[in-house]
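For reference, the chains in residue letters:
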Amino acid sequence: MDAMTALPDFQDVVAARARIAGEAAVTPLLTSAYLDELTGGRILLKAENLQRTGSFKFRGAFNRLSQIPDEARAAGVVACSSGNHAQGVAEAARILGMSATIVMPEDAPEAKLARTRRSGATVVTYRRGIEDREAIAQALCAETGATMVHPYNDPGVIAGQGTAGAEIAEQAAALGLSLDAMLTCAGGGGLTAGIALALETLAPDCELLPVEPDGFDDYGRSLVAGARVANPREGGSVCDAILTPTPGERSFAIVSRRATRGLVVSDDEALAAVAFAFRELKLVVEPGGAVCLAAVLTGKLPVKGRTVALTLSGGNIDAEVLSRALSLG
């Protein structure tokens, strides 16, 4: 695969697993007897909140940075992110001995800003909805010669995220289970596309459904329209981790082969899922990482008698947001 032009395929996911082995965690696929009783289904929770840097993003970041040629590494990398991709790229760059500059919204959760800096990255902030983060990042690349690492439209990133899907399929099989449906937390679609690649080979009959916050369901609307559409605004949801302007071109090309619709949850439903995860599953999950659990808890997808896997895609939540969730949930 040409790292910047072609669509990744299943073999790229296989190669990514080899690259990230020993650095990324093989996260558990958890079950909850209470959740199964509550929903009537067999629910499998992929706990990417327990991944290195607190989200699945480390997978794609480390895979992509590992593919940068030695002669280009001295110039470093640039990325734009609301926080989770930022932390993944910053940590991958630290491990690989590269410099990293991350363009982040000034209203990003403080925990994400602090942890990105903790891994040694330089943070450049921008005003969400006013300034163009990708234009800022591209200008930095032009100035320094750094490699741009897109959060969801880079083939190496997509393949890296697909390693989570390969693990899910294998872990479910080890439990003697066949997946009926797979729910993914969807922003630009890198995780959804990567999981789609894995499931095309490992679970071809499994239904794939991206889940998004109300008002930011560009993926679901794009699948119905048969073409990428944009969200009307860039901010205004507590699910900051999955707020993107429109699906990535490459990720949508992959996802649209497999999915025909998406699911939508409200901010309050996402926060209630955060509270459920904390109280019942003993897991810390951020709102954007809890939207799939919210979809199951609210019956947006009927799961009775079905085996359904879902992603808990991140756990980087500020204390005040967790407190808000617990007060509501």
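Rules of the game
Residues numbered from 1 in each chain as written. Predicted model: local features only at pLDDT ≥ 70, side-chain atom pairs only at ≥ 80, totals over all residues. Heavy atoms only, no water. Helix = DSSP H or I, 4+ residues; strand = E, 2+ residues; numbered from the N terminus. Polar contact = N/O pair within 3.5 Å; in protein donor to acceptor, adjacent residues only side chain to side chain. Contact = heavy atoms within 4.5 Å. Buried < 20%, exposed > 50% of the residue type's maximum accessible area, 1.4 Å probe, protein only. Phe/Tyr/Trp six-rings, centres within 6.5 Å; stacked < 30°, edge-to-face > 60°. Core = buried A, V, L, I, M, F, W, Y, C linked by side-chain atoms within 4.5 Å.

Caption draft 1: Region of the structure containing the side chain of Asn 153. Here Asn 153 is to be found in the loop between strand E6 (147-148) and helix H8 (155-174). Within the local environment of Asn 153, its side chain forms a polar contact with the backbone nitrogen of Glu 249, the two atoms lying 3.1 Å apart. Within the local environment of Asn 153, its side chain forms a polar contact with the backbone nitrogen of Arg 250, the two atoms lying 2.7 Å apart. The contact partners of Asn 153, leaving out residues within four places of it in the chain, are Ile 158, Gly 248, Glu 249, Arg 250 and Ser 251.

Caption draft 2: View of unusual backbone geometry. Of note in the backbone geometry, Thr 53 takes a positive phi value of approximately 70° without being a glycine. By relative accessible area, Thr 53 is classed as buried at 19%. The phi dihedral of Lys 282 is positive, around 60°, even though this residue is not glycine.

Caption draft 3: Just helix H3 (residues 57-66), in detail. When you tally the buried positions in H3, you get nine out of 10 residues, the bulk of the element. Residues Lys 57, Phe 58, Arg 59, Gly 60, Ala 61, Phe 62, Asn 63, Arg 64 and Leu 65 constitute the buried set of H3.

Caption draft 4: Expanded view of the packing of aromatic side chains. Summed over the entire model, instances satisfying the criterion amount to three aromatic pairs. Here Tyr 34 and Phe 276 contribute two aromatic rings whose centre-to-centre distance is 6.1 Å and whose plane-to-plane angle is 15°, an arrangement assigned as stacked. Taken together, the residues span a long stretch of sequence, with Tyr 34 in helix H2 (residues 33-39) and Phe 276 in helix H12 (residues 267-281) at a distance of 242 residues. On the basis of relative accessibility, which here comes to 39%, the residue Tyr 34 falls in the partly exposed class.

Caption draft 5: View of the nonpolar core. Counting residues in each nonpolar core, the largest one holds 37 residues, and the members touching the most others are Leu 183, Val 291, Leu 293 and Leu 310. Put simply, the parts of the chain that give this core at least two residues each are strand E2 (42-47), strand E7 (181-185), strand E8 (207-213), strand E9 (263-265), H12, helix H13 (291-297), strand E10 (307-312) and helix H14 (319-328). Those residues in contact with Leu 293, other than ones at most four positions away along the chain, are Leu 35, Leu 45, Ala 273, Phe 276, Ala 277, Leu 281, Leu 310 and Leu 312.

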